[in-house]
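Residues per chain are reported as follows:
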Amino acid sequence: MASSSSSSSPDETQTLIPGLPNDVSSLILSLVPYCYHAPLRPTCRSWRVFLTPSSNKSLLALRRRNRTPSTLLCIFPQDPSISSPFLFDPHNLAWAPLPTAPPDPHSYGLCNFSALSLGPHLYVLGGSLFDTRSFPIDRPTASSSASRFDFVTGLWELLSPMVHARGSFACAVVPGSEAIMVAGGGSRHCVFGAAGSRISSVERYDVERDQWVELDRLPGLRAGCVGFVVEERMEFWVMGGYGEERTIGGVLPVDEYCRDAVVMELKSGGDGGKWREVGDMWGDRERVRVGKIVVVEEEEGLGRPGVFMLKGHHILRYDMASNQWREESRVPKKALHNSSFGFVVLDGELHVMTLLNAVDSTETRRKRRHKRARELYIQIYHPKKKTWRFLTTKSPFPCPLDFNKAVMCSVRL
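Residues numbered from 1 in each chain as written. Predicted model: local features only at pLDDT ≥ 70, side-chain atom pairs only at ≥ 80, totals over all residues. Heavy atoms only, no water.

K.L.:
Could you give an account of the overall build of the protein, naming the residues involved and the relevant values?
P.N.:
Each helix and strand in the protein was counted, giving six helices and 29 strands. Counting every position in the protein, which comprises 413 residues, the buried fraction comes to 51%. Carbon and sulfur atoms provide 51% of the accessible area of the protein, an area that totals close to 20000 Å². (Helix = DSSP H or I, 4+ residues; strand = E, 2+ residues; numbered from the N terminus. Buried < 20%, exposed > 50% of the residue type's maximum accessible area, 1.4 Å probe, protein only. Areas by Shrake-Rupley, 256 points an atom, 1.4 Å probe, with all protein chains shown as cover.)

Here's what the structure looks like:
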C-alpha cells in the first residue's frame, strides 16, 4: 500500500522535494511568498502543479491554516480590461501581474471604480465608463457592472450588476459576513470632475446569493465619498464627498463639498437600519474638501477603526468622540508641484506612495531622471509607534503611475 501524504498535494505520486515527505515539502513551499510563486512554477512539474491554485485548490487554505498569508497591495493603473493590475509584496519588494479582465467591445475606458478583496476574491465594482454608444463619447456614464477575480481558478467572472449605476462611491465589506455595502456615487470624469451626476442609492451585495438588495437611501445626494464599517457598533459610515452641484455665475459648475458624515446601523443578518447624521466635522475657517481617506482595522483597546486622511503632505486622524480631524503627522518628503500621492493601508501601517522623481529631495535629484520615473518611493507611517520608514522599488508598469487615477486595495493571500 502506498504511503499517505498530505492532502494539500494534488498528485500524491509526485515528489515535491527529494528526500522529504510531501507533507513537510508542502509546508515549506506554502511558506514561499505569494509573489514568488509564478517564477518558481517552471522549476519542475510537481512545483508547477502545487504552486498553481487552479490545480491545487488547497494551496491558499494551507497558507491560511499555517498562518502564513501575506498582505499584498493590488494596484490598478487604469481600466483592468486594458492594463494588467499588479500585486506588490512590500516585505519582499516583489511584484506579480494579474490577468486582464475580459474586454467590452463597446467600452474604451473605465475609471472611478472601487476595488476590494473578500476571501480568495478581488472585486471590481461600478465606475465611470467611456462607451462608444453614448453621446458625447468623451463624457463617461455611470456603470452598474460587478466582476471579481478568483485567485483559486485564476479567472475573472461577471457578477449580477448593481441595481443602480455608480462611480466614485462609498464601499466596504461587512465584517463577519459575506456582504458588501455600497452607497452614493454617480458618474464623474477622472480629469474634468465638477459636472457629474450624484445619487443617494444604497445597496447590499450578498456574496453567496450573488444578489444586490436596496436599503434606505442616504439623507441626501453624495458622491466621491468613503465608506467603512465600525465592527464594535456594527455601523456603516459614509464620510466626505460632494453633494448638490452649484455654479459660479450660472455657468461654471463647482462641487459643494459635504462637511459631515452619515451612519447606518447594521442589523443582525446584515439588513440595514435608518441613517443618522453626524454633524459638521470642520472648523469655520477650514477647507472642507477632503483628501484621500484610509481606514486601519480595529485599534487595540479602542474597539473602533482608525480613520486617517492624507491632505497635501499632512496626515490627519479622525476623532469620533469630538467629531473633529486632528493632525497626526506630516509626510517627511513632499511631492513636487502637480505630483500626486497614493495612500493605502497595509498591515496596520499607512503607505504614502509617489514616483521617485516627484519627491522633493536633494539626494534623489542626483539620480538620472529616466531611472527615477520607473521607481516608486514609499513612505510608511506606523500609527501606534508614530514612526516613519522608507522603501524604494522599481515599478513594473510601462508608464508612470498617476495616483489620482490609479485604484488600490489590499489583498490577503
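K.L.:
Got a sec to walk through helix α1 (residues 22-30)? Specific residues and values, please.
P.N.:
Of the positions making up α1, those classed as buried are N22, S25, S26, L29 and S30. On an axial view of α1, the arc spanned by its buried residues comes to 130°, and they lie on one face. (Arc of directions from axis to C-beta.)

K.L.:
Can you tell me about the side chain of S128, naming the residues and giving the values?
P.N.:
By secondary structure assignment, the location of S128 is in strand β7 (residues 128-131). Judged by relative accessible area, S128 falls into the buried class, the value being 0%. In this structure the side chain of S128 is engaged in a polar contact, spanning 3.3 Å, whose partner is the side chain of N112. Beyond its immediate sequence surroundings of up to four residues, S128 is in contact with G109, L110, C111, N112, P140, T141, G167, G186, S187 and R188. (Polar contact = N/O pair within 3.5 Å; in protein donor to acceptor, adjacent residues only side chain to side chain. Contact = heavy atoms within 4.5 Å.)

K.L.:
Explain the sheet that holds strand β26 (residues 349-355) to me, and be specific about the residues and the numbers.
P.N.:
Sheet architecture is open: four strands sit in the order β25-β26-β27-β28, paired in antiparallel fashion. In this open sheet, the two strands that pair with only one neighbour each are β25 (342-346) and β28 (387-394). On average, each strand axis in the sheet is tilted by 25° relative to the strand beside it, whichever way the strands run. Judged from the eight bridges that link them, strand β27 (residues 375-382) and β28 form a sheet pairing that is antiparallel. What sits directly across from Y381, in β28, is W388. (Pairing = 2+ DSSP bridges. Axes fitted to C-alpha atoms, helices over the stretch in contact; angles between N-to-C directions.)

K.L.:
Describe in detail the nonpolar core, supporting the description with residues and values.
P.N.:
In this structure, C74, F76, L87, L122, F151, V411 and L413 are the most contacted members of the largest nonpolar core, which totals 25 residues. Where this core is concerned, the elements lending two or more residues are β1 (71-76), β3 (94-97), β6 (121-125) and β29 (407-412). The residues contacting L413, other than those within four sequence positions of it, are Y34, L60, R63, T68, P69, S70, L72, L87 and F151. Grouped together as the second largest cluster of nonpolar side chains are 19 residues, L73, F397, A406 and M408 included. (Core = buried A, V, L, I, M, F, W, Y, C linked by side-chain atoms within 4.5 Å.)

K.L.:
An account of a nonpolar patch on the surface is needed here, citing residue identities and associated values.
P.N.:
A cluster of nonpolar side chains, namely L20, V24 and I28, defines an oily patch on the protein surface of about 210 Å² accessible area. Note on placement: L20 falls in the segment before α1. (Patch = residues over 30% accessible without salt bridge, like charges linked within 9 Å, V, L, I, M, F, W, Y side chains within 5 Å. Salt bridge = Lys/Arg side-chain N within 4 Å of Asp/Glu carboxyl O.)

K.L.:
Outline the environment of A261, listing residues and values.
P.N.:
Mapped onto the fold, A261 is located in strand β19 (residues 261-266). Sequence-distant contacts of A261, that is, excluding residues within four places in its chain, are made with R222, W237, V238, M239, R276, E277, V278 and M281.

K.L.:
Mind laying out the packing of aromatic side chains, listing which residues take part and the relevant values?
P.N.:
Across all of its chains, the model carries 18 aromatic pairs by this definition. Ring centres 5.8 Å apart and planes at 15° place the aromatic pair F228 and W237 in the stacked group. Assigned by exposure class, F228 and W237 land together as buried. Three or more aromatic residues link up through ring pairs in this structure, and these residues are F228, W237, W282, Y318 and W325. (Phe/Tyr/Trp six-rings, centres within 6.5 Å; stacked < 30°, edge-to-face > 60°.)

K.L.:
Summarise the layout of surface pockets; cite the residues concerned and give the values.
P.N.:
The calculated volume of the second largest pocket comes to roughly 430 Å³. Lining the second largest pocket are 19 residues, with P102, D104, S145, S147 and L158 positioned closest to its centre. For the lining of the second largest pocket, the secondary structure elements donating two or more residues are β4 (107-111), β9 (146-150) and β10 (155-158). Class assignment for the residues of the lining of the second largest pocket results in 10 nonpolar, six polar and three charged. (1 Å grid on protein atoms, 1.4 Å probe; cavity = no way out; pocket = protein on both sides within 12 Å on 5 of 7 lines; lining within 4 Å. Points joined across faces, edges and corners; volume = space filled by probe spheres on them. Nonpolar A, V, L, I, M, F, W, Y, C, P; charged D, E, K, R; others polar.)

K.L.:
Before we move on, could you go through the confidence of the model for the protein and cite the residues and values that matter?
P.N.:
Looking at the protein, the pLDDT average stands at 85 and 85% of residues meet or exceed 70. Within the model, pLDDT remains below 50 along residues 1-9, and this stretch shows 15 contacts once partners closer than five positions in the same chain are excluded. Long-range and interchain partners of residues 362-370, a stretch whose pLDDT sits below 50, account for eight contacts in this model, where long-range means more than four residues apart. (pLDDT = per-residue confidence, 0-100.)

K.L.:
Tell me about the state of the cysteines, and name the residues and values.
P.N.:
In this structure the tally under the stated criterion is zero disulfides. Its sulfur unpaired, C171 is 9.8 Å from the next cysteine sulfur, which belongs to C409. The cysteine C258 is free of any disulfide, with C225 supplying the nearest cysteine sulfur at 7.6 Å. Taking the relative accessible area as the measure of exposure, C258 reaches 12% and is therefore buried. (Disulfide = S-S within 2.5 Å.)

K.L.:
Report on the pattern of salt bridges, specifying residues and quantitative values.
P.N.:
When their charged atoms lie close together, side chains carrying opposite charge are able to pair. Enumeration according to the criterion identifies 12 salt bridges in this entry. Close ionic contact of R276 with E235 constitutes a salt bridge, the shortest N to O distance being 3.0 Å. Here the residue R276 occupies a position in strand β20 (residues 272-278), and E235 occupies one in strand β16 (residues 235-239), the gap between them amounting to 41 residues. Judged by its relative accessible area of 38%, R276 is partly exposed. On the basis of relative accessible area, E235 is assigned to the buried category, the value being 8%. A salt bridge links E349 to R389; the nearest nitrogen and oxygen atoms lie 2.7 Å apart. Taken together, the residues E349 in strand β26 and R389 in strand β28 connect sequence positions 40 residues apart. Residue classification places E349 among the buried positions, given a relative accessible area of 11%.

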